[in-house]
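# A structural walkthrough
Residue-level listing of the chains:
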Amino acid sequence: MITIDKPNKQKVKMIAVLIFGAFIMMLTETFFNNALPINLYVHGNTAASTVRQIAGSLGTAVLMMIIAFGSKHVAGNKMLLAEQLNYGYRYAFLASFIFALIGFVLSFWLKLKQQ
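Residues numbered from 1 in each chain as written. Predicted model: local features only at pLDDT ≥ 70, side-chain atom pairs only at ≥ 80, totals over all residues. Heavy atoms only, no water.

Time to look at helix α3 (residues 81-106). Between its terminal C-alpha atoms α3 stretches 38 Å, which fits the 38 Å expected from 26 residues at 1.5 Å a residue. Buried residues of α3: Gln84, Gly88, Ala92 and Ala95, and no others. Turning to α3, the residues buried within the fold contact α2 (41-73). (Helix = DSSP H or I, 4+ residues; strand = E, 2+ residues; numbered from the N terminus. Expected span 1.5 Å × (residues − 1). Buried < 20%, exposed > 50% of the residue type's maximum accessible area, 1.4 Å probe, protein only. Contact = heavy atoms within 4.5 Å.)

Listed below in structure tokens is the structure:
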């Protein structure tokens, strides 16, 4: 999280990571559109945007559910609410990492379109 008391170098590094993610998404969109005929660019872009919004909403819902279940899992241990939430966040970050790892491994089976 970016706060006022963090050094500027750390802020710049965090923003650079976010910008790198945006460049990856732009390349993905371009690659997706190049696979379509020119007359279907608009429809392809619309479909991709819709799928991205739905997937983002579902991903957020699943991660919030994991946070809730992870917090409930340790609720009987007489912990503070913040400590319980911390366990939920750990489970959610672990699940996010596993989803990303699965996506990375599956990306090796994508085939390029022959020209």
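So, about the packing of α2 against α3. Relative orientation and spacing of two packed helices are given, respectively, by the angle between their axes and the distance between those axes. Look at α2 against α3: their axes get within 7 Å of each other, and the N-to-C directions meet at 135°. On the basis of their axis angle, the class for α2 and α3 is oblique. Note that α2 runs across α3; the crossing there is right-handed. Here α2 contributes Val62, Leu63, Ile66, Ile67, Gly70, Ser71 and His73 to the contact with α3, which in turn contributes Gln84, Leu85, Tyr87, Gly88, Tyr89, Tyr91, Ala92, Ala95, Ser96 and Phe99. (Axes fitted to C-alpha atoms, helices over the stretch in contact; angles between N-to-C directions. Parallel < 35°, antiparallel > 145°, perpendicular 65-115°, else oblique. Left-handed = near helix turned anticlockwise from the far one by under 90°.)

Where empty space is left becomes clear once a probe the size of a water molecule has been rolled over the atoms. One number sums up the size of the largest pocket: a volume of about 240 Å³. Every residue lining the largest pocket is listed: Ile24, Leu27, Thr28, Phe31, Leu110, Lys111 and Leu112. Looking at the lining of the largest pocket residue by residue, the class counts come to five nonpolar, one polar and one charged. (1 Å grid on protein atoms, 1.4 Å probe; cavity = no way out; pocket = protein on both sides within 12 Å on 5 of 7 lines; lining within 4 Å. Points joined across faces, edges and corners; volume = space filled by probe spheres on them. Nonpolar A, V, L, I, M, F, W, Y, C, P; charged D, E, K, R; others polar.)

Now for the packing of aromatic side chains. Applying the stated criterion across every chain yields a total of one aromatic pair. Seen in terms of ring centroids, phenylalanine 104 and phenylalanine 108 are 5.0 Å apart; in terms of plane orientation they differ by 80°. Their pairing is edge-to-face. One cation-aromatic arrangement involves arginine 90 over tyrosine 87; the distance from NZ or CZ to the ring centre is 5.2 Å. (Phe/Tyr/Trp six-rings, centres within 6.5 Å; stacked < 30°, edge-to-face > 60°. Lys NZ or Arg CZ within 6 Å of the ring centre and 35° of its normal.)

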